[in-house]
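Examining the three-dimensional arrangement
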Amino acid sequence: QAVQGLLKTGSLGWTPLIKSAANLDLAKNPLICGSCAFAKAKRKGRRSKKVRFQDDSPFTSPPEHVNKTLSDNVRYPGERVSIDHFIVTTPGRLLGSRGLSKPENMYKGGIIFKDHFSGYIHVEPVINFTAAEAIRAKQEFEYAMSSMCVTVTHYHTDNGVFTSTAFQGELSRLAQGLSLSGVGAHHQNAMAERAIGYIFSLCRTQMLHAKLRWPSQIHSRLVLLLSLLPMCL
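Residues numbered from 1 in each chain as written. Predicted model: local features only at pLDDT ≥ 70, side-chain atom pairs only at ≥ 80, totals over all residues. Heavy atoms only, no water.

Time to look at the sheet that holds strand E4 (residues 154–157). If you trace the five strands from one edge of the open sheet to the other, you get E3-E2-E1-E4-E5, paired in mixed fashion. Each of the sheet's edge strands pairs with one partner strand only, and the pair in question is strand E3 (121–126) and strand E5 (177–180). On average, each strand axis in the sheet is tilted by 30 degrees relative to the strand beside it, whichever way the strands run. Pairing analysis gives eight bridges linking strand E1 (residues 81–92) to strand E2 (residues 107–115), with the strands arranged antiparallel. Following the sheet pairing, valine 81 is matched in E2 by aspartate 115. Sheet strands in contact with helix H5 (residues 131–146) are E1, E2, E3 and E4, and its direction is about 145 degrees off that of E3. (Pairing = 2+ DSSP bridges. Helix = DSSP H or I, 4+ residues; strand = E, 2+ residues; numbered from the N terminus. Axes fitted to C-alpha atoms, helices over the stretch in contact; angles between N-to-C directions. Contact = heavy atoms within 4.5 Å.)

Attention now goes to helix H7 (residues 190–213). When the terminal C-alpha atoms of H7 are compared, their 34 Å separation across 24 residues agrees well with the 34 Å that a helix rising 1.5 Å per residue should span. Three or more residues of H7 are buried, namely Ala190, Met191, Ala192, Ala195, Ile196, Ser201 and Thr205. Residues of H7 that are buried sit in contact with helix H3 (34–39), E1, E2 and E3. (Expected span 1.5 Å × (residues − 1). Buried < 20%, exposed > 50% of the residue type's maximum accessible area, 1.4 Å probe, protein only.)

For the rest of this paragraph, the subject is the pattern of salt bridges. Scanning the entire structure with this criterion turns up six salt bridges. Across the pair glutamate 124 and arginine 136 runs a salt bridge, and its minimum N-O distance is 3.5 Å. Linking glutamate 124 in strand E3 with arginine 136 in helix H5, this pair joins segments that are 12 residues apart in sequence. By relative accessible area, which is 12% here, glutamate 124 ends up buried. Among the ionic pairs, glutamate 170 bridges to arginine 173, the shortest N-O distance being 2.9 Å. Highlighted residues: glutamate 170 and arginine 173, both in helix H6 (residues 165–173), separated by three residues, approximately one helical turn. The class of arginine 173 is exposed, set by a relative accessible area of 56%. (Salt bridge = Lys/Arg side-chain N within 4 Å of Asp/Glu carboxyl O.)

Two elements, E4 and E5, share four bridges in a ladder whose sense is parallel. Residue histidine 156 lies in a different strand from E5, and its bridge partner there is serine 179. A crossover links E4 with its parallel partner E5, the connecting element being H6, and its sense is right-handed. (Right-handed = clockwise from strand over helix to strand, strands pointing away.)

So, on to the packing of H5 against H6. The geometry of H5 relative to H6 is characterised by a closest axis approach of 8 Å and an angle of 30 degrees between their N-to-C directions. In terms of their interaxial angle, H5 and H6 are classed as roughly parallel. Here H5 runs over H6; the crossing is right-handed. Facing Ala131, Ala134, Ile135, Lys138 and Gln139 of H5, the residues of H6 in contact are Ala166, Phe167, Glu170 and Leu171. Taken together, the residues that form the contact of H5 with H6 break down as six nonpolar, one polar and two charged. (Parallel < 35°, antiparallel > 145°, perpendicular 65-115°, else oblique. Left-handed = near helix turned anticlockwise from the far one by under 90°. Nonpolar A, V, L, I, M, F, W, Y, C, P; charged D, E, K, R; others polar.)

What follows covers the packing of aromatic side chains. Using the criterion set out here, one finds three aromatic pairs in the structure. Taking the centre distance of 5.5 Å and the plane angle of 85 degrees together, the rings of phenylalanine 86 and phenylalanine 200 count as edge-to-face. Here phenylalanine 86, found in strand E1, pairs with phenylalanine 200, found in helix H7; they are 114 residues apart in sequence, far enough to count as distant. Residue classification places phenylalanine 86 among the buried residues on the basis of a relative accessible area of 12%. The class of phenylalanine 200 is partly exposed, set by a relative accessible area of 29%. When the centroid spacing of 4.5 Å and the interplanar angle of 5 degrees are considered together, the rings of phenylalanine 113 and phenylalanine 141 count as stacked. Of this pair, phenylalanine 113 sits in strand E2 while phenylalanine 141 is found in helix H5, placing the two residues 28 residues apart along the sequence. For phenylalanine 113, a relative accessible area of 1% puts it in the buried group. Here phenylalanine 141 falls in the buried class, since its relative accessible area comes to 0%. (Phe/Tyr/Trp six-rings, centres within 6.5 Å; stacked < 30°, edge-to-face > 60°.)

So this is what it looks like as structure tokens:
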């Protein structure tokens, strides 16, 4: 609708194509982004389960408090933050590597932080999954939160490196609380798990969009640069 409002001003011309796009009825002809449709598609099981509520239940739809159990009694930003690791199969180059990094020194994944009150998501890439990298990522996240005048007082995580002595000592130094999910109970850290899925969906969409829309332009620009290179030497 915002793009249509811009087209109706005539600042981009008034050709038949622009006229049709400006007057298109979006209610009858919804526009679907191909990249988004591909990236957000999920495989559906042959036996999908549907949750049904009995007619005598006081709720005609899934109870709202069921979906917000993890955020109960959260009153201000930083009071409760979920953390979780994610792993990527393709190592990522460091920002200052210039393509010369060894595979063992490249990013293997990251740590995601999500604030329960505001929904703010922070992603910090890590080279390995040690306690030292977890502490560094935590410090970077808290620095970003402090720039918004927010102090983190409690973390909720899975088990693993977050139960190490070094990470526990960092929490004790700052008088921060920690709660852990049960072993194998990933649903107890659903805030961070959903944030990982959300971020990966956005990244997948951008990569597919670049692949579908930009290869011809990139190829033409590379050909132009290569043709001009002998003139510059």
